[in-house]
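Chain and residue survey
Residues per chain are reported as follows:
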Amino acid sequence: YTQMPVIRCHAIQELGLTLIGVCLHLILVIPILGWLVYVVGGIALLVVWVLCILKASQGSVFKLPLIGNFAAEQSGYRI
């Protein structure tokens, strides 16, 4: 399965979303403003994650704004 471009594209986008989640957790150490960014970012991340899961279950790719182009180039998948 790792040779299929669509699966590789999903995997690379998920790694990007995980990296964003880690960055949100690092921002959490900042009082008040960091907490607000964490809550808003966490909700946005959850919504994007669910959209990606729904599109993957339909056999297509939800192209994320910044991560999508990088994932498509690295996987060889044409979005």
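The preceding data block contains the structure.
Described below are features of the structure shown in this document. (Residues numbered from 1 in each chain as written. Predicted model: local features only at pLDDT ≥ 70, side-chain atom pairs only at ≥ 80, totals over all residues. Heavy atoms only, no water.)

For helix α3 (residues 67–75), every residue scored as buried is listed here: I67, G68, A71, A72 and S75. Viewed along the axis of α3, the buried residues span an arc of 125°, placing them on a single side of the element. Among the structural elements, α1 (5–27) are those in contact with the buried residues of α3. G76 lies just past α3 and shows a positive phi near 80°. (Buried < 20%, exposed > 50% of the residue type's maximum accessible area, 1.4 Å probe, protein only. Helix = DSSP H or I, 4+ residues; strand = E, 2+ residues; numbered from the N terminus. Arc of directions from axis to C-beta. Contact = heavy atoms within 4.5 Å.)

Glancing now at the packing of α1 against helix α2 (residues 33–57). It is at 9 Å that the axes of α1 and α2 come closest, and there the two elements cross at 165°. Taken together, the axes of α1 and α2 lie roughly antiparallel to each other. In this structure, the crossing between α1 and α2 has a hand that is left-handed. On α2, the residues touching H10, E14, L17, I20, G21, L24, H25 and I27 of α1 are G34, V37, Y38, G41, G42, L45, V48, W49, C52 and A56. Tallied by class, the residues present in the contact of α1 with α2 amount to 11 nonpolar, 6 polar and 1 charged. (Axes fitted to C-alpha atoms, helices over the stretch in contact; angles between N-to-C directions. Parallel < 35°, antiparallel > 145°, perpendicular 65-115°, else oblique. Left-handed = near helix turned anticlockwise from the far one by under 90°. Nonpolar A, V, L, I, M, F, W, Y, C, P; charged D, E, K, R; others polar.)

Now for the side chain of Q13. Inspection of the secondary structure puts Q13 in helix α1. With a relative accessible area of 2%, Q13 lands in the buried category. Here Q13 is in contact with V61, F62, K63, L64, I67, G68 and A71, once residues within four sequence places are set aside.

Our next topic: a nonpolar patch on the surface. Together, V39, I43, L46, V47, W49, V50, L51, I53 and L54 line one region of the surface with nonpolar side chains, adding up to about 790 Å² of accessible area. Considering the arrangement of structural elements, one finds I43 in helix α2. (Patch = residues over 30% accessible without salt bridge, like charges linked within 9 Å, V, L, I, M, F, W, Y side chains within 5 Å. Areas by Shrake-Rupley, 256 points an atom, 1.4 Å probe, with all protein chains shown as cover. Salt bridge = Lys/Arg side-chain N within 4 Å of Asp/Glu carboxyl O.)

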